There are 4 protein chains.
Amino acid sequence: MKIGFIGLGNMGQPIARTLLQAGHELIVYNRTRSAADELQGLGVPVANSPAQAAEAVEVLFTMLADDAALEAVLQGTADLPGAMGRLGQGAVHISLSTISVALSQRLAAAHAEAGQTYLAAPVFGRPEAAAAAKLWVVAAGDPAQLERCRPLLDAIGQGVFVVGDQPWLANVVKLSGNFLIASMLEALSEAFVLVQKSGVPPQQFLEIANTALFKSPLYQNYGTLIVEGRDLPAGFKLALGLKDVRLALEAAEAVAAPMPLASLVHDHCLSGVARGQADADWAVGLGRVNAQNAGLDL
Amino acid sequence: MKIGFIGLGNMGQPIARTLLQAGHELIVYNRTRSAADELQGLGVPVANSPAQAAEAVEVLFTMLADDAALEAVLQGTADLPGAMGRLGQGAVHISLSTISVALSQRLAAAHAEAGQTYLAAPVFGRPEAAAAAKLWVVAAGDPAQLERCRPLLDAIGQGVFVVGDQPWLANVVKLSGNFLIASMLEALSEAFVLVQKSGVPPQQFLEIANTALFKSPLYQNYGTLIVEGRDLPAGFKLALGLKDVRLALEAAEAVAAPMPLASLVHDHCLSGVARGQADADWAVGLGRVNAQNAGLDL
Amino acid sequence: MKIGFIGLGNMGQPIARTLLQAGHELIVYNRTRSAADELQGLGVPVANSPAQAAEAVEVLFTMLADDAALEAVLQGTADLPGAMGRLGQGAVHISLSTISVALSQRLAAAHAEAGQTYLAAPVFGRPEAAAAAKLWVVAAGDPAQLERCRPLLDAIGQGVFVVGDQPWLANVVKLSGNFLIASMLEALSEAFVLVQKSGVPPQQFLEIANTALFKSPLYQNYGTLIVEGRDLPAGFKLALGLKDVRLALEAAEAVAAPMPLASLVHDHCLSGVARGQADADWAVGLGRVNAQNAGLDL
Amino acid sequence: MKIGFIGLGNMGQPIARTLLQAGHELIVYNRTRSAADELQGLGVPVANSPAQAAEAVEVLFTMLADDAALEAVLQGTADLPGAMGRLGQGAVHISLSTISVALSQRLAAAHAEAGQTYLAAPVFGRPEAAAAAKLWVVAAGDPAQLERCRPLLDAIGQGVFVVGDQPWLANVVKLSGNFLIASMLEALSEAFVLVQKSGVPPQQFLEIANTALFKSPLYQNYGTLIVEGRDLPAGFKLALGLKDVRLALEAAEAVAAPMPLASLVHDHCLSGVARGQADADWAVGLGRVNAQNAGLDL
């Protein structure tokens, strides 16, 4: 298929490469052009604007950091024409970004009005999983179009979950999943503080809890991140974690679902941002907030 | 070894049987005598009091529901002589119960004063794991005595974690582990409400989250309990969950470790008890509290 | 002065009447026209659109329920021209509504661009206070324009607090004040449940606490509302309380200020809405949420 | 009447003096003897032990810092005979301390068994109010004995509230009142952080909120303490606030009343203690916790 791909960050880039390797014809766009160098080296044309990347494609993929970034490439800005104005009738927009339910609903309506289809397909997985085409895709939207685009989603992930014919349902699932991770981080951080102040090494406690109870690689990996607390390049920044938890709370408010644990994690993420941890990995950031709240030096 | 065993509930009974099968000489006591029938049928003598079960044994095991029950068998009551008065010098008391850090500290002091040894060895695992000798044991106390009793602990579990030479450290680890489980239940319950009110079946969400993220049998099992919400015999009652989270909070206050997530779970457990869910499985109980808080019928 | 007044709800109507009585020339607009009948009877012209109410006035007052309502009258809708398009250069817009900080900031920019002045002047006080010209006004914006409009603000209230030259600061203060009230409602509700389940009448406890501690008419009035728990017409609906607490949380997130108590109140308001209490007075609604959480019948 | 008085701290001392001035015959005891110097100078005999202070008195007052201190003077210690052993049959013990509901219940039973009466009469008010005999007394217990002792309670306060014939009810009311104060401190602290980070001076916000809304001297005084944040001698230490909130939570758990706001304040008090604020005034300590959580320097 002829595919436009906008957003070549640490997730978008490997996904685009995977689609290329699967034999599709791509045109890509990224705000910072250098991010497109590698794909250009592989013969992929690089658009000068979101509009150009959307022109005459059957499917437009977008993978942006947040609502604002996605809206900017779709609507365009003063000096940069947006994708919405150029996307053809009958085209499909597959949104991979973790965005708000509200924006997902607005986009579904806008594309429908333009005679296009909007599919939400946010993904679970870190950049390594994207590079290995091992993402998990949560997809929702018009069943026929989803069926048609299924090979594309199959190509980038190891599994596709279809959760409904309203695109925003995929966003709810993605946000709920991230909420579960954030809750795990908060729980581990609090437990680590308790055992450490009691005199048991958190690393040992993690081993016990994961051996005897959870048996989960996620607990192992994230727990180790918290315990080590290093200032490494963040896999997922606390500021993005804050955003996702806020989006989960907004989605919950829209359906009148109180989520006090999400509120707690939100407040701790915000406290971390206020204390200078916005760019720390969210595991490290939440670990630090709970440690500092207990008077521990870092 | 000659072993006294007090407390033949759904955990104590299979553990005692395992020790018997491992070739040890047992004498057992249980408040409700009928619980001892099966072991008696296997030739195990049944004591008439905690005191009798403690007489002339090398090791006394106790497996009781809470602090009050353990204290009652140790101190005795008006008409029932307790174990402390009859346990010999040099004997070892291995406490398997999930009790408070404060009681564990008092018992360590009391046994030391009586020329005895107190080891804390709370276990992770449900009754099925106890029956299969697949518990995980968290042990702490005097290293030499722990070494000496190690074969007993190896017999009842698939692994023993030694966390320090202060017995109460094992209790901190056990309570912290239960806190992690309770936090998982709260997180799942809240997420289930959000997806359900949005229109995604919680069962499907659980499958997605555990496939793409956690890959944990604990999430699978407990998540299914919440989703199904059945009034089956509770594996672990909400009232006991409330107790454990309170004990975690007490342990945390003793070392000045704030645990807001533990506080949240505590309040939800208490709310469940207030709404008649004391005897429900804690997964089901917490699920119901969050569902009702969101106005869902059950 | 020549004044346009948009929004004749239970607060706007008495305020408009006060301005009239102070000798100003008014033209008014309300979505539901009947609300303007009384003022029309006093000789006040009633506009057919927000635009007409804004035409050729020196000062435009708006008093709407929320962001969406205010934006609707300012931008207009398909069949109803908005005020922004017709308000003259040099005019002043005094916004009395309790709106978001973000909207207040956008309006300040929009009016500045149009050569107009935007002042935020949200008020504390219930409809009775509005009728008696006893509101408290919190005002912010350009000092010279504030000075010029000061007589108008003095007329409607018993006091005016100027909190800065950025209009949104007045909104922060208003939202923070409402947060304090909501926190008081939550605290009283929880205490009432504790004393009631212990066997002390909440009414007696309220009397003791307010006599010995707070000596505050607000505690007296709101506390009595909670205790009585009547389904009277709400002075201030729970749904509006939810909105205000959410706006406080948004304002707090914008400056990286964690507010866990605001989060708690938000979740309880939302739980009340989910349980059918959206139209109850927020004191009654929060009281019911806490009572139900403790298993009390109502 | 012949009165024993144990506990001459900053509350007990002025109360004892008031009773003396009201014409009663006193004998006093304090662990640190120097605290009794002033009363001795007025001719009051100073006992060498709690037991001596309880001997042959009609009424024994106690005013201690916490459960442990009260139990120590009642039971006595290795080298200091306690009051319980010497208090005569028919005597009345009036407990002014802010203690746990559980201890109050145990004391009621113990005194009844000894043919004595236990009345709980905790007080609201700071040391200045005690010196001016302006305390508010919350009393509960046997009505006839309360009636008999009423003149004593009237002497020390400006009002007596009788809340039931079970002594512990007075403790519930006292703890609930302190919970309301703690909640106010938390609410004010959070609001102050929001307005300060927005650019409005907290002092101005306090003035607005108390003028327009609360009109409460308590808000004025405590709010000013938080705003000024001085390291003055604490009127009421954060460590004591933590204790009182914990006792409220224990009382609430006993009647299955979830109190999430109490839990939040508990966690913040504990965080303050963990960060070295145990001896700060609780208003200052809670203010600092919320400021630090928002990244503010102090």
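J.: Would you mind going over the nonpolar core in detail, with residue names and values included?
T.: One finds A:M184 and B:M184 to be the most contacted residues of the largest nonpolar core, which totals 168 residues. Beyond its immediate stretch of four places on either side in the chain, A:M184 contacts A:L218, A:Y219, A:Y222, B:F214 and B:Y219.

J.: Run through unusual backbone geometry, naming residues and quoting values.
T.: Look at A:A133: it is not a glycine, yet its phi comes out positive at around 55°. Overall, A:A133 belongs to the partly exposed group, its relative accessible area being 21%.

J.: Tell me about the sheet that holds strand β3 (residues 59-62) of chain C, residues and numbers included.
T.: Backbone hydrogen bonds hold the strands of a sheet together, and the pairing may be parallel or antiparallel. Residue and element names in this part refer to chain C. The parallel open sheet is built from five strands, whose spatial order is β2-β1-β3-β6-β7. Edge strands, defined here as strands with exactly one partner in the open sheet, are β2 (25-29) and β7 (117-120). This sheet shows a mean twist of 20° between the axes of neighbouring strands, independent of strand direction. Where strand β1 (residues 2-6) meets β3, four bridges bridge the pair, whose relative direction is parallel. When the bridges of β3 are listed, G4 appears paired with L60. Packed on one face of the sheet, helix α7 (residues 143-156) meets β1, β3, β6 (92-95) and β7 and runs near 55° to β6.

J.: Explain helix α12 (residues 260-274) of chain B to me, using residue names and the numbers behind them.
T.: Residues and elements named next belong to chain B. With 15 residues, α12 should reach 21 Å at 1.5 Å per residue; the first-to-last C-alpha distance of 21 Å fits that figure. Most of α12 sits inside the fold, with 14 of its 15 residues counted as buried. Of the residues flanking the end of α12, it is G276, one or two places downstream, whose phi is positive at about 90°.

J.: Lay out the environment of B:A130 with the relevant residues and their values.
T.: Along the chain, B:A130 turns up in helix α6 (residues 127-131). Note: C-alpha distance between B:A130 and B:T18 (112 residues apart in sequence) is 8.3 Å.

J.: Can you break down the interface of chain A and chain B residue by residue, with the values?
T.: In this assembly, 57 residues from chain A lie in contact with 57 residues from chain B. Buried surface at the junction of chain A and chain B, both sides included, amounts to about 4,800 Å², of which 78% is carbon and sulfur. Considering only the side of chain A, the residues that lose the most area to chain B are A:L180, A:L194 and A:L213, jointly responsible for 14% of the buried surface there. Summed over the shared surface of chain A and chain B, the result is zero salt bridges.

Conventions and cut-offs
- Residues numbered from 1 in each chain as written.
- Chains lettered and ligands numbered in written order.
- Predicted model: local features only at pLDDT ≥ 70, side-chain atom pairs only at ≥ 80, totals over all residues.
- Heavy atoms only, no water.
- Core = buried A, V, L, I, M, F, W, Y, C linked by side-chain atoms within 4.5 Å.
- Buried < 20%, exposed > 50% of the residue type's maximum accessible area, 1.4 Å probe, protein only.
- Contact = heavy atoms within 4.5 Å.
- Pairing = 2+ DSSP bridges.
- Helix = DSSP H or I, 4+ residues; strand = E, 2+ residues; numbered from the N terminus.
- Axes fitted to C-alpha atoms, helices over the stretch in contact; angles between N-to-C directions.
- Expected span 1.5 Å × (residues − 1).
- Buried area = accessible area lost by both parts, 1.4 Å probe.
- Salt bridge = Lys/Arg side-chain N within 4 Å of Asp/Glu carboxyl O.

Shape descriptors only; they carry no functional weight alone.
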